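So you can see what is in the structure, the chains are spelled out below.
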Amino acid sequence: MGCGGSSEQKQREWKPLEDRSCTDIPWLVIFTLFCIGMACIACFSISTGAASRLISGYDSYGNTCGQKNGKIEGVELSGRDQTNNKYVFFLDPCNIDILNRKIKSMALCVSRCPDIELKTYTDVKKFALQNGSELCSYDIPVSKYPSHGERSEKCPKLPVPPSNSLPVFHRCTPVDISCYAQFAEAFVTFVSDNSMLHRVVAGVMASKEIIMGLCVLALVLSIILMVVIRYISVVLIWILTALVVLGSIGGTGVLWWLYVDHRTNLTDQTGTSPTPQQQVATDNVQALLVYAIIATVFTVILLLMLFFMRKRVALTITLFHVAGKVFTHLPLLALQPFWTFLSLMLFWVSWLGVLLFLGTAGSPVQSEETGLVEYRMSGPLQYMVWYHAVGLIWISQFILACQQMTVAGAVVTYYFTRNKSQLPMTPIVSSMLCLTRYHLGTVAKGSFIITLVEIPRLILTYIHNQLKGKENACARCLLKSCICCLWCLKKCLTYLNQNAYTATAINSTSFCTSARDAFFILVENALRVATINTVGDFVLFLGKVLIVSCTAFVGVLSLNYQRDYTVWVMPLLIVCLFSWLVAHCFLSVFEIVVDVLFLCFAVDTKHNDGSPGREFYMDKALMEFVENSKNMAGRDRPEADGDGREMKPMT
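Scoring rules and cut-offs
Residues numbered from 1 in each chain as written. Predicted model: local features only at pLDDT ≥ 70, side-chain atom pairs only at ≥ 80, totals over all residues. Heavy atoms only, no water. UniProt positions renumbered as here; feature names shortened; annotations may be inferred. Axes fitted to C-alpha atoms, helices over the stretch in contact; angles between N-to-C directions. Helix = DSSP H or I, 4+ residues; strand = E, 2+ residues; numbered from the N terminus. Parallel < 35°, antiparallel > 145°, perpendicular 65-115°, else oblique. Contact = heavy atoms within 4.5 Å. 1 Å grid on protein atoms, 1.4 Å probe; cavity = no way out; pocket = protein on both sides within 12 Å on 5 of 7 lines; lining within 4 Å. Points joined across faces, edges and corners; volume = space filled by probe spheres on them. Nonpolar A, V, L, I, M, F, W, Y, C, P; charged D, E, K, R; others polar. Phe/Tyr/Trp six-rings, centres within 6.5 Å; stacked < 30°, edge-to-face > 60°. Buried < 20%, exposed > 50% of the residue type's maximum accessible area, 1.4 Å probe, protein only. Lys NZ or Arg CZ within 6 Å of the ring centre and 35° of its normal. Expected span 1.5 Å × (residues − 1). Core = buried A, V, L, I, M, F, W, Y, C linked by side-chain atoms within 4.5 Å. Salt bridge = Lys/Arg side-chain N within 4 Å of Asp/Glu carboxyl O. Pairing = 2+ DSSP bridges. pLDDT = per-residue confidence, 0-100.

The protein chain has the name Choline transporter-like protein in an unreviewed UniProt entry, where Hucho hucho is given as its organism. Listed in UniProt under the heading Function (unreviewed entry), the comment for the protein chain reads: "Choline transporter." Listed in UniProt under the heading Sequence similarities (unreviewed entry), the comment for the protein chain reads: "Belongs to the CTL (choline transporter-like) family."

Okay, here's the thing in structure tokens:
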């Protein structure tokens, strides 16, 4: 179960796709038991009456609307029969507590929501007599509504707006939700007048067809880009390289020119008596000299790195080219973001529902300040909430890891199948079946490691937000440093996990063995890994920017064509945000494919040399890269043998 003491030999032969066996079974058992615990919490929260309180609602005395209730000790108006009173009515529905995100008002169970505006307490009395729906506290007789001394606290705030009940959730909601709009306007800091929000919402609603069309356009552009990026990656990478070189050389030259110019001006003034301005000029000259030296050193190092890594940049271009081929042979890869997103949405919705049930499953407690009843969690319920929160992180990471393993399995099958015509009919489906049958334990273990890092990071982030403005500078810096370190650790572990899943897909080994093998291969090819991650990530970033820019450009033209839309900010923001998310989802799959291809390439070149019996598995484009590397190495080192040993850095 642990990562140490593996019984497998350190030097062993990789046998891609030959032996397949179950991996990390103990972790599959642990994950299954954990999911059973999540299911038990869900059943408990629903069976203890929390579901009825959530759906039917309850008043401020602890009575659930629409049913008979038991007496709560110390609460006089509890234990009432509310069978005929099925709706929750708030005395002041617009009194919203921003911090606690709830309506800060007394709630009552009523038989009917007021469907007309009630301007006086006499109107409230008439409505109660005519409809049998009492809108004041239960201890105030209907006849005393207009004259009771506590009517301002225990009767609704005047005027009472007309309201309707929500479907399923029986809450009386005002027909005119202007108070909620005003509440939302408080969060919009850039709005200078109250009408701006209404105009923005009107613009969004009026342009909803255009927004939906542009979102579909972003989806289509993302799919097209994944196929054609292999043709434009060469241009993008060399443009990037040229811009970096020109920018570094130009910036260094400008700094040296400014240094010489300022020094010349300072020399012309040396004959006069020193002044504060001259002292400032002297400091500027010294600063420019330091900046110029630093820029020169940086430029020299950068140029040397580009010179020695030029062949590795060529490998990045080749991998992008092969990744584009993979998507043409495995078109179902493009659907992976859909399945992952759908699975996450279903899980998050169910998780949120259980959390809401847990929130109302607490014990009734009478508030000392208001005397009203609230349901608060204590004892075992609090531990259930923490267990439920850990489940959110672990299962979410498990779903994401399943996507990585599925993509890795399909790409590994494609790479290590010499005759592409013998590929399975649907490699993605075959990879999913293989994951379900053999490697769920490996995915569970990898996702749990990410969870162990994510939990303390989220806790520290929460503490930092709660203490904002209260802690001293040292504590704030320490918290931010810890959060940043944990974030970096999570990114590193995520990358290592992804390569471990690839190693598992290749050789069907356990998580720790796969992670160790993948780590050694990545270390042996550290410069290539750095090149692929930097250059490749920047190219994918440019692809995301391209999709967002094209979508926004078409959006501007469309909104300009429809002259009815006066506020473009929100529709364009929605479109740009959605297009960025879509591009990120699709190109992240492309990034996974590139990383999987690189590890397969590294394993292939490490254990094969192209000789009879040890033929390469790689694609023709990668084979050409290997041949070019051999030829260049042969010219650089004439004494080297011609048996492919020039690939020594990868062995």
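## A word on the packing of helix α12 (residues 473-507) against helix α13 (residues 511-524)
At a minimum axis distance of 8 Å, the contact between α12 and α13 shows a crossing angle of 110°. One way to sum up the angle between α12 and α13 is to call them roughly perpendicular. Contacts from Tyr495, Leu496, Asn497, Asn499, Ala500, Tyr501, Ala503 and Thr504 in α12 reach Phe511, Ser514, Ala515, Ala518, Phe519 and Leu522 in α13.

## A few points about empty space enclosed by the protein
Within this structure, the stated rule accounts for 2 cavities of 30 Å³ or more. Estimated volume of the largest cavity: approximately 70 Å³. Lining of the largest cavity is provided by Phe89, Phe90, Leu91, Pro93, Pro156, Lys157, Val160, Pro161, Ser163, Cys172 and Pro174. Going through the elements one at a time, β1 (87-90) and β6 (172-174) are the ones with two or more residues in the lining of the largest cavity. Among the residues forming the lining of the largest cavity, the class breakdown is 9 nonpolar, 1 polar and 1 charged. Considered as a void within the structure, the second largest cavity measures approximately 40 Å³ in volume. Around the second largest cavity sit Phe320, Ile532, Asn533, Gly536, Asp537, Leu540, Glu591, Val594 and Asp595, which together line it. Considering each element in turn, the lining of the second largest cavity owes the most residues, 5 residues, to helix α14 (residues 526-561). Across the lining of the second largest cavity, the residue classes break down as 4 nonpolar, 2 polar and 3 charged.

## Side note on the packing of aromatic side chains
In the structure shown here, the tally under the stated rule is 14 aromatic pairs. With a centroid separation of 5.4 Å and an interplanar angle of 55°, the aromatic rings of Phe320 and Phe590 are classed as tilted. Placement of the pair is Phe320 in helix α8 (residues 310-329) and Phe590 in helix α15 (residues 569-607), with a sequence separation of 270 residues. The burial state of Phe320 is the same as that of Phe590; both residues are buried. The rings of Trp27, Phe31, Phe34, Tyr387, Trp394, Phe398 and Phe448 are connected pair by pair, giving a single aromatic cluster. For the cation-ring pair, Arg80 lies above Tyr138, with the distance from its terminal atom to the ring centre recorded as 4.3 Å.

## Concerning helix α9 (residues 336-359)
Helical periodicity: at 3.6 residues per turn, an α-helix aligns residues three or four positions apart in one direction. An ideal rise of 1.5 Å per residue puts 34 Å on 24 residues; α9 measures up with 34 Å between its terminal C-alpha atoms. For α9, the complete set of buried residues consists of Gln336, Pro337, Thr340, Leu344, Phe347, Trp351, Val354, Phe357 and Leu358.

## Focus: the nonpolar core
Nonpolar side chains in soluble globular proteins generally cluster together in the buried interior. Counting 62 residues, the largest nonpolar core has Tyr415, Phe590, Val593 and Leu597 as its most contacted members. When contributions to this core are tallied by element, the ones reaching two or more residues are α6 (208-268), α8, α10 (380-415), α12, α13, α14, α15 and α16 (620-636). Per element, the largest residue contribution to this core is 17 residues, and it comes from α15. Those residues in contact with Leu597 that sit more than four places away from it in its chain are Leu319, Val322, Ala323, Val326, Val411 and Tyr415. Ranked by size, the runner-up nonpolar core spans 31 residues in total, among them Tyr61, Phe89, Ala128 and Val142.

## Section: the environment of Pro174
Along the polypeptide, Pro174 turns up in strand β6. Judged by relative accessible area, which is 6%, Pro174 ranks as buried. Distance in space between the C-alpha atoms of Pro174 and Asn164 is 6.5 Å, their sequence separation being 10 residues.

## Quick look at the pattern of salt bridges
Under the defined criterion, the tally for this structure stands at 7 salt bridges. Between Asp115 and Arg112 there is a salt bridge; the shortest N-O distance is 2.7 Å. Taking relative accessible area as the criterion, Asp115 reaches 40% and is therefore assigned partly exposed. Residue classification places Arg112 among the partly exposed residues on the basis of a relative accessible area of 34%. Linking Arg516 and Asp517 is a salt bridge whose minimum nitrogen-to-oxygen distance equals 3.4 Å.

## Thoughts on the pairing of strand β8 (residues 373-376)
Only one face of β8 is buried, namely the one carrying Val373 and Tyr375, since none of Glu374 and Arg376 on the opposite face is buried. Strand direction decides the pairing type here: strand β7 (residues 363-366) and β8, joined by 4 bridges, are antiparallel. Within the sheet, the bridge partner assigned to Gln366 lies in β8 and is Val373.

## Some details on the confidence of the model for the protein chain
With 79% of its residues at a pLDDT of at least 70, the protein chain reaches an overall mean of 77. pLDDT under 50 marks residues 4-12. Its contacts with residues more than four places away, or in other chains, come to 12 contacts. A low-confidence stretch, residues 637-651 stays under pLDDT 50, and its non-local contacts, those more than four residues away or across chains, total 21 contacts.

## Things to note about unusual backbone geometry
Omega for the peptide link from Leu158 to Pro159 comes to -10°, which places this bond in the cis form. Looking at where Pro159 falls in the secondary structure, it is placed in the loop between α3 (151-154) and β5 (163-165). Residues other than glycine seldom take positive phi values, yet Asp24 does so here, at roughly 50°. Counting through the fold element by element, Asp24 comes out in the segment before α1 (25-56).

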